[in-house]
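Descriptive structure summary
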Amino acid sequence: MTTNKTVLAWIDEMKALVNPDNVVFIDGSEEQTEKLRAEAVAIGELEKLNEELLPDCYLHRTKVNDVARVEGRTFICAKTKENAGPTNNWMDPKEAYKMLYDIAKDSYKGRTMYVIPFSMGPIGSPLAKIGVELTDSIYVVLNMVIMTRVSNEVWTALGDSNDWVRGLHCRCDIDEEKRYICQFPEDNTIISVNSGYGGNVLLGKKCFALRIASYQGWKEGWMAEHMLILGIENPQGEVKYVAAAFPSACGKTNLAMMIPPKYLRDKGYKVWTVGDDIAWMRIGEDGRLWAINPENGFFGVAPGTNEKSNFNALASTKKGTIFTNVAHNLDNNTVWWEGLDKNPPENAIEWKGNPWNGKTSEEKGAHPNSRFTAPAVNCPCISSEFESQSGVPISAIIFGGRRAKTAPLVYQSKDWENGVFVGSAMASETTAAAAGAVGVVRRDPMAMLPFCGYHMGDYFRHWLEMGKKLGDKAPKIFNVNWFRLDDEGHFIWPGFGDNMRVLNWIIDRCEGKVDAVETPIGFVPKAEDIDLTDLDFDIETLKSILEVDKDTWVKEAAEIEEHYKKFGDRLPEELKNQLNNLKANLK
Ligand code: GTP
Ligand code: SPV
Ligand code: MN
């Protein structure tokens, strides 16, 4: 436990507010965790799965109205609306505290308050930060134990410091009309009420590691980004690291754990996973950008995950994993989701809890945003640098999204400033990861639209400043799009492991080993420089997805101009100039 006065005072204050029957300090020990698992099973929060096939694995179903992040009910409670900016919902902090405290009042009555001390990042790393989450949900405790570093050592690392993030979670009645996910960046505080779903309640993840941390990074001169981190090892044994920002459900976990095509594996290429969702990055003593993954597990999208598409993610879920909102196969007490295999169970329970026959039913067995919570250590390709206190040096930053048309398979920005422009103008079709319509194109700068904890114009400015500090040591910035569609609506590019062919071009560009074609938007590969060995994919098709169509981009530039209007005078002058350059290049 702890003697930290700021922690104890806050716990006392929250205890008086929510009024629990008792308080349990979580220590992350196997003994305590096992007791909680048993209790969760006893009260029906979890179902234990087949111990032989899926040891230490459990199934959880959320309420049907509580299956994704709720962006419309997520608020940045900065002191002024202006500071939250045009892309965030804002509530006055005073009013927000009052409203939330009214909802939270006595909500733990008859329940237990769990106190979770957690570290985002390896405990004691100069890049790590500490949080304390209070929750009345065992499901949240068990997920936090997988997703973050939970232990008594966190108290030791914190000592007497007041530099920690306060997170209060109250399940209440899971009433969607009273659901609020509120961040108070100036107070290091998060309050989440009336939800039991992942990104809304595992407060270390999006609420802290992105919304609060992006604000801290701005103030303290570092970056918190919605990025995977992976290492690419070449046949000489050298490893280069890249970080990639794609919006939710746009392929971060898949890219982070990808398996290169056989001919590259035979040559000695390997991919190592450092992180699959979040990167915290600082300028190191050598002037380069160094990144850690602040998380300790993967909260991954289940549907579509299979041995072929993502072998390593599937392998990561084979022990110690919690599955949320997937189908329950009653024949062998395991789990199933769309895209796992071509053999859906006949005797099953679907994600809502009803009997389900996968062979005959029109309904889905798993929710499209069903997830697995798997320990990072399970991942067969986890990087040897995963626990590194200093992180890994980043050679390239990659932006990307789902664009049926417009964006080519890959292009390189002209320099850092142009790269910031590319990131700021990113657009992607929406997915099931957030409540609301799916498949609508929206601007999602740096994949941070739902996660930036302050004014997005200031965020762009911060990116530009970081570039100035990095100078010629700045990572090169690229954009990719795996999701181009043909006229029948099929993906043109095979994607997944074959994305390695694109990553190799990116690394070659970073090392100045390969030429490129200059276009109005940046440098695209010469088609013959993307290695298509062993792939049934003709070079003409490749050319078609590398093409930069002027008319389409004239429209795109007009849309970017519209998008930029939102930021008013906080839009950096440099980005206005970048847009003007693009328009001039397209003339
Ligand atoms: P969050 O956890 O929500 O942040 O998602 P993510 O960015 O980690 O996305 P994930 O890797 O889980 O992929 C989401 C969906 O995109 C899955 O259905 C994948 O099958 C699909 N996907 C991933 N990579 C590719 C690809 O290269 N090509 C195609 N066509 N689909 C892909
Ligand atoms: C995302 O939506 O980007 C996720 C899942 O990674 S959640 O934790 O719900 O935010
Ligand atoms: Mn994510």
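Residues numbered from 1 in each chain as written. Chains lettered and ligands numbered in written order. Predicted model: local features only at pLDDT ≥ 70, side-chain atom pairs only at ≥ 80, totals over all residues. Heavy atoms only, no water.

This part takes up the packing of helix α2 (residues 30-42) against helix α5 (residues 138-147). Running from amino to carboxyl end, α2 crosses α5 at an angle of 140 degrees, the nearest separation of the two axes being 10 Å. Regarding α2 and α5, the two cross each other, and that crossing is left-handed. Every residue of α5 that contacts α2 at T33, L36, R37, E39 and A40 is listed here: I138, V141, L142 and V145. Residue composition of the contact of α2 with α5, by class: six nonpolar, one polar and two charged. (Axes fitted to C-alpha atoms, helices over the stretch in contact; angles between N-to-C directions. Helix = DSSP H or I, 4+ residues; strand = E, 2+ residues; numbered from the N terminus. Left-handed = near helix turned anticlockwise from the far one by under 90°. Contact = heavy atoms within 4.5 Å. Nonpolar A, V, L, I, M, F, W, Y, C, P; charged D, E, K, R; others polar.)

Another aspect to go through is the coordination of the manganese ion (ligand 3). All of the protein donors around the manganese ion (ligand 3) are K206 (NZ), H226 (NE2) and D277 (OD); their distances to the metal are 2.1 to 2.5 Å. With six donor atoms in place around the manganese ion (ligand 3) and angles of 63 to 172 degrees between them, the coordination shape is irregular. Read N to C, the donor residues that coordinate the manganese ion (ligand 3) are spaced as K-x19-H-x50-D. One end of the pair, H226, is in the loop between β12 (223-225) and β13 (227-233); the other, D277, is in the loop between β15 (270-275) and β16 (279-283), with 51 residues separating them in the sequence. On the basis of relative accessibility, which here comes to 0%, the residue H226 falls in the buried class. (Donors = N, O, S within 2.8 Å, 3.2 Å for Na, K, Ca; no water. Tetrahedral: all angles 85-135°; square planar, octahedral: opposite > 155°, others 65-115°. Buried < 20%, exposed > 50% of the residue type's maximum accessible area, 1.4 Å probe, protein only.)

Let us look at the site of ligand 1. With respect to spatial proximity, 21 residues lie near ligand 1, and among them A249, K252, T253, N254 and R371 are the closest. In this structure, an oxygen atom belonging to ligand 1 sits 2.8 Å away from a side-chain N or O atom of K252. Coverage of ligand 1 by the protein amounts to 91% of the 670 Å² it exposes when considered alone. Those elements that provide at least two residues to the shell around ligand 1 are α9 (252-256) and β18 (297-301). (Near = heavy atom within 4 Å. Polar contact = N/O pair within 3.5 Å; in protein donor to acceptor, adjacent residues only side chain to side chain. Areas by Shrake-Rupley, 256 points an atom, 1.4 Å probe, with all protein chains shown as cover.)

Take the side chain of S137 next. Of note, S137 is situated in the loop between β7 (129-135) and α5. A polar contact of 3.3 Å, which involves the side chain of S137, links it to the backbone nitrogen of Y139. Polar contacts involving the side chain of S137 include one to the main-chain amide nitrogen of V140, which spans 3.0 Å. Filtering out sequence-adjacent residues up to four positions away, S137 remains in contact with E45, Y114, H169 and R171.

To characterise two packed helices, one gives the angle between the axes of the helices and the distance between these axes. Put simply, helix α13 (residues 456-470) and helix α17 (residues 573-586) touch, their axes get as near as 9 Å, and they point 90 degrees apart. The angle between α13 and α17 falls in the class roughly perpendicular. Facing F460, R461, L464 and K468 of α13, the residues of α17 in contact are E573, E574 and L575. A per-class count over the contact of α13 with α17 returns three nonpolar, no polar and four charged. (Parallel < 35°, antiparallel > 145°, perpendicular 65-115°, else oblique.)

In space, the five strands of this open sheet follow the order β2-β3-β19-β24-β18, with mixed pairing throughout. Edge positions in the open sheet fall to β2 (47-48) and β18, since each of these has one partner strand only. As judged from the three bridges shared by strand β19 (residues 322-324) and strand β24 (residues 371-375), these two strands associate in the antiparallel manner. Note that in β24 the partner of F323 across the bridge is F372. (Pairing = 2+ DSSP bridges.)

Okay, the sheet that holds strand β20 (residues 327-329) next. Two strands in a sheet stick together by hydrogen bonds in their backbones, pointing the same way (parallel) or opposite ways (antiparallel). The four strands are arranged β21-β20-β22-β23 in an open sheet whose pairing can be described as antiparallel. At either end of the open sheet lies a strand with only one pairing partner, and these are β21 (334-336) and β23 (355-356). Relative to strand β22 (residues 348-349), β20 runs antiparallel, the two being bridged by two bridges. Its bridge partner lying in β22, H328 is registered against I349.

Let's shift gears to the site of ligand 2. Looking at ligand 2, the residues that line it are R69, Y197, G199, K205, K206, H226, S248, D277, F299, R371, A433 and F451. A distance of 3.4 Å separates an oxygen atom of ligand 2 from a polar atom in the side chain of D277. Notes on ligand 2: free accessible area 290 Å², of which the protein chains cover 98%. The residue inventory of the shell around ligand 2, partitioned by class, reads four nonpolar, three polar and five charged.

Among the nonpolar cores identified, the biggest contains 93 residues, and W280, M281, I397, F399 and W463 are the most heavily contacted of them. Considering each element in turn, this core owes the most residues, nine residues, to α5. Residues in contact with W463, not counting those within four places in the same chain, are M223, E225, M227, I397, F399, W416, V420, M446 and I477. (Core = buried A, V, L, I, M, F, W, Y, C linked by side-chain atoms within 4.5 Å.)

In this model, helix α4 (residues 93-104) (twelve residues) spans 16 Å end to end at C-alpha, consistent with the 16 Å of a helix rising 1.5 Å per residue. Taken together, the buried positions of α4 are P93, A96, Y97, L100, I103 and A104. The buried residues of α4 occupy an angular sector of 130 degrees when projected down its axis, which confines them to one face. Facing away from the buried side of α4, by more than 90 degrees, are the exposed residues K94, E95 and K98. Those residues of α4 hidden inside the fold are in contact with α1 (5-18), β5 (89-90), β9 (164-170), β10 (180-184) and β11 (189-193). The N-cap of α4, judged by a side-chain oxygen 3.1 Å from the amide nitrogen of K94 a few residues on, is D92. Remark: D106 follows α4 within two positions and exhibits a positive phi of approximately 60 degrees. (Expected span 1.5 Å × (residues − 1). Arc of directions from axis to C-beta.)

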